[in-house]
Structure formats: C-alpha cells, structure tokens
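In case you want the letters, here they are:
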Amino acid sequence: MPVPILKQGSNLIVTVRSALTDEDLRVLQRAIVDQVGRYRSRGVIMDVTAVDVMDSFACRTYRDIAQMIQLRGAKTVIVGIQPEVAFSIVQLGSTLEGIATALDLEEGLSYLAELERQARPE
Amino acid sequence: MSETIRIPIDCDADIIVARQSGRQMATPLGFSAVDLTMIATAISELARNIIMYAQRGVIELQIQQSNGREGIVVCARDEGPGIADIEQAQRIGYSSSGQLGLGLPGVRRLMDEMKIESRPGKGTVVTARKWRS
C-alpha cells in the first residue's frame, strides 16, 4: 500500500501510517531516495505519529533510510514518535541513533528551516 | 485459562496481524498504553524471529490468571532449525542470522517473564508473559 510523499518547498513530508509491512517499508525506502533526487529536496520529514509499534526491523529501516537520504545530500527528521513507542524502543534495546528527531511536524519543519539558514552564507 | 488464539506466521504481513491481535486481547485487561505497546512490540519481534529463522510457525495468545494476577501469555512456536546455545541467544548483541542481535534480550525486557525451549533440528518455543501491574 502506498505511503503519501508530499513535496513542500525544498522538503518532502512522508506520513507513515501504522501497520506497514516490511515490504511496504522497503518500497517506501526506495520511493523516498528516488524522490529526493527528482525534487532536489534538502530535507525529509518522516511523520510517524500514527505508528503504534516500532520493532527492531522498523528502527533499522529508518536508520537505513536516513543514511541513504544523507548520501543523497538531504537531511532527515523523524517527528511524532509517541511516548509509549519511545519507551518500547528503549526497552527493546533498539535505537534511532544518527537521525534527528522532533516532537511534531511543526518542530521538524523549523529544525529543517534552521539548517537551511545556517547553510546559506550571509 | 481462557481460549487460545493461534495466528499462523508465514509472511511479514502476519507479523502485523499477530501484534494487533495481542494488543486487542490485552486491552480489556486494563494494561496501560505503554504496556500495550511493549506487548505488541515483543510479539512483533517474536513473530519476526519465526520468519527469519524458521520461515513459518505460529504465535499463540492467551489470557492467564494466577494468584489473583491477570496477564497475557505469548507463545511463539516453530519447527525451524532450533537454537543450539540458548544462553548465547539471550545475550545482547548475539545473532546467528547476522542481522539483529537484540531480538530475544529485547523481548525479555519488554515482558515480565520469558522462557526458551529449543533443541537443534526440533524447533523453538518461546513463551513470554506480562502481568498487569
């Protein structure tokens, strides 16, 4: 099932719904990496507000996606990790190390805007 | 003992069916949102282990009452290659598939109890319980 990828200015916004299968995640991974190039995106926001479980495979896939996006010259922010999901990730011993996170979409967008500002010479 | 729900695990979509069934079964027991998510995450890891190591198997879910406590029992069964060294499999960082070394120790931390029974060539049964606090 497709995951909507929305282009907003120089960013892509990916709204991850709950209950993605492993195959859905792999398809999503390819789609994002492809679209970063097509739209010359500088940032990718992955909104996981609706995600109710992040197991070790999901965490690893998000880490892979973030690294691929970085190799394509853009930044990733994961937003909307629910408190109970955060708790479970830590208990599981999994990690989203190396990926920027923000509370919600608004915070994620201002984080990317700040990065853009810093990258631009005065 | 209540009735057992059996979820055949055969492909990655079954992992989601299993963890959603677990959440559904545990919700009426009055678990907190954090506990429900930990149970669903543990089921996800156990079902994933089945796919990864044994290709197919089954997740069994049951409500259990014991000494005035109520909880959920998750049992992951497969007839795969089995685990030669159970102690090693429970150590952090160990993974014979070379993929993720945190499956079983992670499940142990998410749940209250975990037991592994396995013999090489005879499959594996992992039983994990979580009691409502």
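Presented here is an overview of the structure given in this document.

**So, the interface of chain A and chain B**
Inference 1: Taken residue by residue, the interface counts 20 residues in chain A and 23 residues in chain B.
Inference 2: A buried area of about 1900 Å², summed over both sides, lies between chain A and chain B, and 55% of it is on carbon and sulfur atoms.
Inference 3: When residues of chain A are sorted by the area they lose upon contact with chain B, V53(A), Q91(A) and L92(A) head the list and together hold 28% of the total.
Inference 4: Salt-bridge contacts for R48(B) lead to D55(A); the nearest nitrogen and oxygen are separated by 2.8 Å.
Inference 5: On inspection of chain A and its partner chain B, the count reaches 10 residue pairs in polar contact (both at pLDDT 80 or more).
Inference 6: Every element with two or more residues in the side of chain A that touches chain B is listed here: α1 (22–38), α2 (56–71) and α3 (83–92) of chain A.
Inference 7: When residues of the side of chain A that touches chain B are assigned to their parent elements, the largest contribution, six residues, is made by α3(A).
Inference 8: Split into classes, the residues belonging to the side of chain A that touches chain B amount to eight nonpolar, six polar and six charged.

**Considering the sheet that holds strand β5 (residues 100–102) of chain A**
Residues and elements named next belong to chain A.
Inference 1: In space, the five strands of this open sheet follow the order β1-β2-β3-β4-β5, with mixed pairing throughout. Lying at the two open borders of the sheet, with one neighbouring strand each, are β1 (5–8) and β5. Within this sheet the neighbouring strands show an average axis-to-axis angle of 25°, counted without direction.
Inference 2: With four bridges joining them, β1 and strand β2 (residues 11–15) adopt antiparallel strand pairing. Residue pairing in the sheet places L6 in a bridge with I13 of β2.
Inference 3: Set on the sheet, α2 makes contact with β3 (43–47) and β4 (75–79); between it and β4 the angle comes to about 150°.

Rules used in this analysis
Residues numbered from 1 in each chain as written. Chains lettered and ligands numbered in written order. Predicted model: local features only at pLDDT ≥ 70, side-chain atom pairs only at ≥ 80, totals over all residues. Heavy atoms only, no water. Contact = heavy atoms within 4.5 Å. Buried area = accessible area lost by both parts, 1.4 Å probe. Salt bridge = Lys/Arg side-chain N within 4 Å of Asp/Glu carboxyl O. Polar contact = N/O pair within 3.5 Å; in protein donor to acceptor, adjacent residues only side chain to side chain. Helix = DSSP H or I, 4+ residues; strand = E, 2+ residues; numbered from the N terminus. Nonpolar A, V, L, I, M, F, W, Y, C, P; charged D, E, K, R; others polar. Pairing = 2+ DSSP bridges. Axes fitted to C-alpha atoms, helices over the stretch in contact; angles between N-to-C directions.

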